[in-house]
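# Report on the structure
So you can see what is in the structure, the chains are spelled out below.
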Amino acid sequence: MTDDAAPVDHRPEEILAFWEIARVRAGVVRLVSVTGPDVHGTLVPPTWSFGDNPALADSLLAAVLDGEKTGTSTALAEFRHGDESLPVRGDLSIIVDSAGHPAALIRTTAVETVRFDEVDEEFAASEGEDDRSLASWRVEHEKYWRRVLEPLGEQFSPEMPVVTERFELLYPRPSDRGATATASAH
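Predicted model only: the values in this text are computed from it and were never measured.

Criteria and thresholds
Residues numbered from 1 in each chain as written. Predicted model: local features only at pLDDT ≥ 70, side-chain atom pairs only at ≥ 80, totals over all residues. Heavy atoms only, no water. Core = buried A, V, L, I, M, F, W, Y, C linked by side-chain atoms within 4.5 Å. Buried < 20%, exposed > 50% of the residue type's maximum accessible area, 1.4 Å probe, protein only. Helix = DSSP H or I, 4+ residues; strand = E, 2+ residues; numbered from the N terminus. 1 Å grid on protein atoms, 1.4 Å probe; cavity = no way out; pocket = protein on both sides within 12 Å on 5 of 7 lines; lining within 4 Å. Points joined across faces, edges and corners; volume = space filled by probe spheres on them. Pairing = 2+ DSSP bridges. Contact = heavy atoms within 4.5 Å. Axes fitted to C-alpha atoms, helices over the stretch in contact; angles between N-to-C directions. Expected span 1.5 Å × (residues − 1).

All right, on to the nonpolar core then. Inside soluble globular proteins, nonpolar side chains tend to come together where they are buried. By size, the foremost hydrophobic cluster in this structure holds 16 residues, and its most contacted members are Phe116, Val119, Trp137, Trp145, Leu149 and Met160. Going through the elements one at a time, helix 4 (121–126) and helix 5 (134–149) are the ones with two or more residues in this core. The element that contributes the greatest number of residues to this core is helix 5, accounting for six residues. In this structure, Ile15, Ala22, Val96 and Leu105 belong to the second largest nonpolar core, which totals 14 residues.

As C-alpha cells, this is what we get:
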C-alpha cells in the first residue's frame, strides 16, 4: 500500500474480471493460480489506491495511466502499523480509482529504503506529482506524512525511513486504454 492507500469500496467481481483480462494482455499468464467460485477463492494481486483521499487517488492513478508516475513512497512506519508486507521486486498490484473500480496492473521493479532527506531528484520526479522537483516532493510529502503518521502515534522526521518503490505499468498499455474503460464499466 503505497502513499498510504485511500479507503476504497472493493468490487470483487469487477476486480476479478479486470484481473482475467489484465493478466493475459500483460503477458502474466504463466502464473500458478488458484481459482474458486468467486474472487475470494482466486489468487488475485493486492488491490489498492494511491493517496489518502478520493481526489488524490484519482489524480495519482491518472498520472500512472499517463506514464508520468512510475514511483511511489511509503513511510516505513506505515508498514509497521498496517497489515501488509514491504513490497518486493516482481510484486503485482491492481490499482483502483476512488470508487474502487480497477484501472491498472503494475509490477514493482525496484524497492529501496532510504531516509526522507536522502530521496533524490530522480526518484522525486518518478512520482509524477506537482512540478516533479525534489523541493516540491519534500514539501508535499512532509505535509502528507505529518497528516498520515500522527494518528498512528508516529512523528515525521527528515531522518525517518521511507520505502521507495519503482514500478512499471503492465496494463493498460496506451493501446489498451479503451478496452479497460469498457471492461471496468461492467
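Size it by volume and the second largest pocket reaches roughly 230 Å³. For the second largest pocket, the lining is made up of 13 residues, of which Leu56, Glu129, Asp130, Glu140 and Tyr144 are closest to its centre. Listed by contribution, the elements that provide at least two residues to the lining of the second largest pocket are helix 2 (54–65) and helix 5. Of all the elements, helix 5 adds the most residues to the lining of the second largest pocket, at five residues.

Of the pairings in the sheet, the one linking strand 2 (residues 71–75) to strand 5 (residues 161–171) comprises five bridges and is antiparallel in character. Following the sheet pairing, Thr72 is matched in strand 5 by Glu165. Pairing of strand 4 (residues 102–115) with strand 5, which is carried by 10 bridges, proceeds in the antiparallel orientation. Paired with Ala110 across the strands is Arg166, a residue of strand 5.

Our focus in this paragraph is the sheet that holds strand 2. One open sheet accounts for five strands, arranged 1-3-4-5-2; its pairing is mixed. For this open sheet the edge positions go to strand 1 (47–48) and strand 2, each flanked by a neighbour on one side alone. In terms of strand pairing, strand 1 meets strand 3 (residues 92–96) through two bridges, oriented parallel. Along strand 3, the bridge assignment pairs Trp48 with Ile95. Set on the sheet, helix 1 (residues 12–25) makes contact with strand 1, strand 3, strand 4 and strand 5; between it and strand 4 the angle comes to about 75°.

What follows concerns helix 5. Over its 16 residues, helix 5 runs 21 Å from end to end, which matches the ideal 22 Å to within 8%, given 1.5 Å per residue. Of the surrounding elements, those touching the buried residues of helix 5 are helix 2, strand 2, helix 3 (76–81), helix 4 and strand 5.

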